[in-house]
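A closer look at the structure
The lines below spell out each chain.
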Amino acid sequence: DEEEELQNGGFLPCPPGPGGGGVLPALEEPLRSCRLRGEAERRGGTPGSPPGPAVRTPRGPAEPPALPPATPGFSDVSLSSRNTYEVSRRRSAPEPLPHGGTPPQGPAEGTRRVGIAGSSFAEFFTRNFFTKRTKELKPAVQSAPGWKLFGKVPPRENLPKDSKIIQQEYEARTGRMYKPPPPSGRRKNIEFEPLSTTALILEDRPANLPAKSVEEALRHRQEYDEMVAEAKKREIKEAHKRKKIMRERFKQEENIASAMVIWVNEILPNWEGMRATRRVRELWWQGLPPSVRGKVWSLAVGNELNITPELYEIFLSRAKERWRSFSETSSENDIEDVGASVADREASLELIKLDISRTFPSLYIFQKGGPYHDLLHSVLGAYTCYRPDVGYVQGMSFIAAVLILNLEEADAFIAFANLLNKPCQLAFFRVDHSMMLKYFAAFEVFFEENLPKLFLHFKSYSLTPDIYLIDWIFTLYSKSLPLDLACRVWDVFCRDGEEFLFRTGLGILRLYEDILLQMDFIHIAQFLTKLPEDITSEKLFSCIAAIQMQNSNKKWAQVFASLMKDNKEGDKNHSPALKS
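Note that the coordinates shown come from a computational prediction; the quantities given were computed from them, not determined experimentally. (Residues numbered from 1 in each chain as written. Predicted model: local features only at pLDDT ≥ 70, side-chain atom pairs only at ≥ 80, totals over all residues. Heavy atoms only, no water.)

This paragraph deals with the overall build of the protein. Helix and strand counts for the protein come out as 29 helices and 4 strands. Burial analysis of the protein (580 residues in total) assigns 38% to the buried set. Roughly 35200 Å² of accessible area belongs to the protein as shown, and the carbon and sulfur atoms make up 54% of that amount. (Helix = DSSP H or I, 4+ residues; strand = E, 2+ residues; numbered from the N terminus. Buried < 20%, exposed > 50% of the residue type's maximum accessible area, 1.4 Å probe, protein only. Areas by Shrake-Rupley, 256 points an atom, 1.4 Å probe, with all protein chains shown as cover.)

Notably, asparagine 306 is not glycine yet its phi reads approximately 55°, a positive angle. Residue position: asparagine 306 is located in the loop between α11 (290-301) and α12 (309-327). Owing to a relative accessible area of 60%, asparagine 306 belongs among the exposed residues under this scheme. You will see that valine 431, though not glycine, has its phi angle at about 55°, which is positive. Here valine 431 lies in the loop between α18 (423-429) and α19 (433-450).

Now for a positive patch on the surface. There is a patch of like positive charges on the surface, built from Lys237, Lys241, Lys243, Lys244, Arg247 and Lys539. Of the residues forming the positive patch, the biggest block, 5 residues, is contributed by helix α8 (residues 214-267). Residue position: lysine 243 is located in helix α8. (Patch = residues over 30% accessible without salt bridge, like charges linked within 9 Å, V, L, I, M, F, W, Y side chains within 5 Å. Salt bridge = Lys/Arg side-chain N within 4 Å of Asp/Glu carboxyl O. Lys, Arg positive; Asp, Glu negative; His and termini not counted. Charge placed at Lys NZ, Arg CZ, Asp CG, Glu CD.)

This paragraph deals with a nonpolar patch on the surface. The grouping of Met260, Val261 and Val264 at the surface amounts to a nonpolar patch, some 220 Å² of accessible area in total. Take valine 261: its relative accessible area is 44%, and that puts it in the partly exposed class.

Structurally, the position occupied by glutamine 367 is in the loop between α14 (342-357) and α15 (373-386). A distance of 3.0 Å separates the side chain of glutamine 367 from the backbone oxygen of serine 357, its partner in a polar contact. (Polar contact = N/O pair within 3.5 Å; in protein donor to acceptor, adjacent residues only side chain to side chain.)

Per the UniProt annotation, the sites labelled "coiled-coil region" (unreviewed entry) are residues 214-249. The span residues 214-249 shows a helical share of 100% and a strand share of 0%, and its end C-alpha atoms are spaced 52 Å apart. (UniProt positions renumbered as here; feature names shortened; annotations may be inferred.)

The subject of this paragraph is the pattern of salt bridges. The tally for this structure, following the rule as stated, stands at 10 salt bridges. Notably, a salt bridge pairs aspartate 496 with arginine 281, separated by 3.2 Å at the nearest N-O pair. Residue aspartate 496 is located in helix α22 (residues 483-496), and its partner arginine 281 is located in helix α10 (residues 278-285); the two are separated by 215 residues in the primary sequence. Residue classification places arginine 281 among the partly exposed residues on the basis of a relative accessible area of 33%. Among the salt bridges present, the one from aspartate 355 reaches arginine 358, with a minimum N-O distance of 2.6 Å. Several salt bridges share partner residues, and in doing so they unite Arg281, Arg495 and Asp496 into one network.

On to the nonpolar core, then. Formed by 113 residues in total, the largest nonpolar core has its most connected members in Trp263 and Leu509. Top element by residues in this core is α19. It accounts for 10 residues. Those residues within four positions of tryptophan 263 in sequence are excluded, and the remaining contacts are Leu268, Pro269, Trp271, Val280, Leu283, Trp284, Leu288, Pro289, Val292 and Val296. (Core = buried A, V, L, I, M, F, W, Y, C linked by side-chain atoms within 4.5 Å. Contact = heavy atoms within 4.5 Å.)

As a further point, take the packing of aromatic side chains. The full count for this structure, using the stated rule, is 32 aromatic pairs. Ring centres of phenylalanine 443 and phenylalanine 447 lie 5.9 Å apart, and the angle between their planes is 45°; this geometry places the pair in the tilted category. Placement of both phenylalanine 443 and phenylalanine 447 in helix α19 is noted, with a separation of 4 residues, approximately one turn of the helix. Phenylalanine 447 matches phenylalanine 443 in its accessibility class, with the two residues each being buried. Lying across the ring of phenylalanine 541, arginine 488 places its NZ or CZ 4.1 Å from the centre. (Phe/Tyr/Trp six-rings, centres within 6.5 Å; stacked < 30°, edge-to-face > 60°. Lys NZ or Arg CZ within 6 Å of the ring centre and 35° of its normal.)

Mapped onto the elements, threonine 308 comes out in the loop between α11 and α12. Taking the relative accessible area as the measure of exposure, threonine 308 reaches 36% and is therefore partly exposed. Along the sequence, threonine 308 and alanine 410 sit 102 residues apart, while their C-alpha atoms lie 8.0 Å from each other.

Now the structure itself:
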């Protein structure tokens, strides 16, 4: 039974059913008739008679061996592909004969002979009825790599070697040992893992390309290690720099927190008596805490104009009526009663809208749709109604925006109006040429005193102060410097007045003196118009502190007063830019 099951692909022979039927009568009947007819002829029986016992007869030398009786049914046709490998193996490798050349005799061997004899007929049916299955039947070829479930594993050639294996082979052949660079000792103190080196990955060549030689692989490994080491050094250096900045920032925040307690509990309740003391001035120089900055600015600027919140509401309502009248194109008589022409007022309102959209564009809070857009528009519009003789001038939007960030709406308008009423700001915003020239002349006196080399360099290119000072003074450095640094400049400006504005300008020139000495006229003007964004308050204020606002034992106020008396000095230093 096991042999027949093996021959039939794992199934027992199909017994004949009644009337010659079976599991597959269409296939079984022709084979059975052929098998029985051959056996009957050999035994001398009839094809339809039942099989009898096997009878051995004497054979001659040339007579073929008698076949044993076979059970009717399928004995060699595979009805399943479960054992296709064994079928193909028996077909491709027949059983070897015993010693002497005589085939083995017995029921099992005879049955096998019947299977081999009828194999051609079985292959015919298998090819025709099981074409899809027979495609998988391949002769078994012994291969060294081995077998898997549905075929052999193809041998891989030119397997890529690992870089470590290549390095070991190279060391074994040359006798030289490769020593990687020692790890940095500072790495252990870093509290992070460098990230950018993850982009540097040493890969072997793909399998379809020629493999690297040992020398080339070792050279690439050394170059890779050097690249990773340089990247790590750079990251460690940047990490130390960031850590230092964070440490300084934490220290500054602690100082601000402690200073806020002093300002709230000691200085502000006794403002008039303590504002001029040395202790308060030193705290002032270090920068005001943001929580008290607006209050200190209001107290320092004062309210000489006696503007009240109610007065602000009055001028704001007038500005809104004027905007409404302009939008409705009302008659010109109502507008002329205000004291200005229609063209000037329309130009002023259009300029306000344009400047508001360009005020601190990186913050996105003063542009149209932002939270402070209407507030800034109201403050500037109310001021144009309050001071029609000044109107709106470019640069006012930056000053008003800084005040709005630190004060309430009415308080911001009061501080804005009083700040622009100072002599220096009033001279610049009213474009008083004679007064502006005197300020420039006083600035050049202290410029030559503190920075003689840079002063001569500017003179050689005929670079006058109005080219860079006008923008700084009009916006009080809020456009040229980072916002937090500009607020700290405003802190000391509220303490020292207009003198500190020009002292800050000299501090900026001192900070970038070495760079400016290498530039020509165009590059100097471009550089001073837009200062670098990485400027820090510590560096700038250290340079400002080094500026001595004293010339021949004369301070800023005395020098400026002497220039006011001498009108000819102002005409001699008249700037060509102001003439145009």
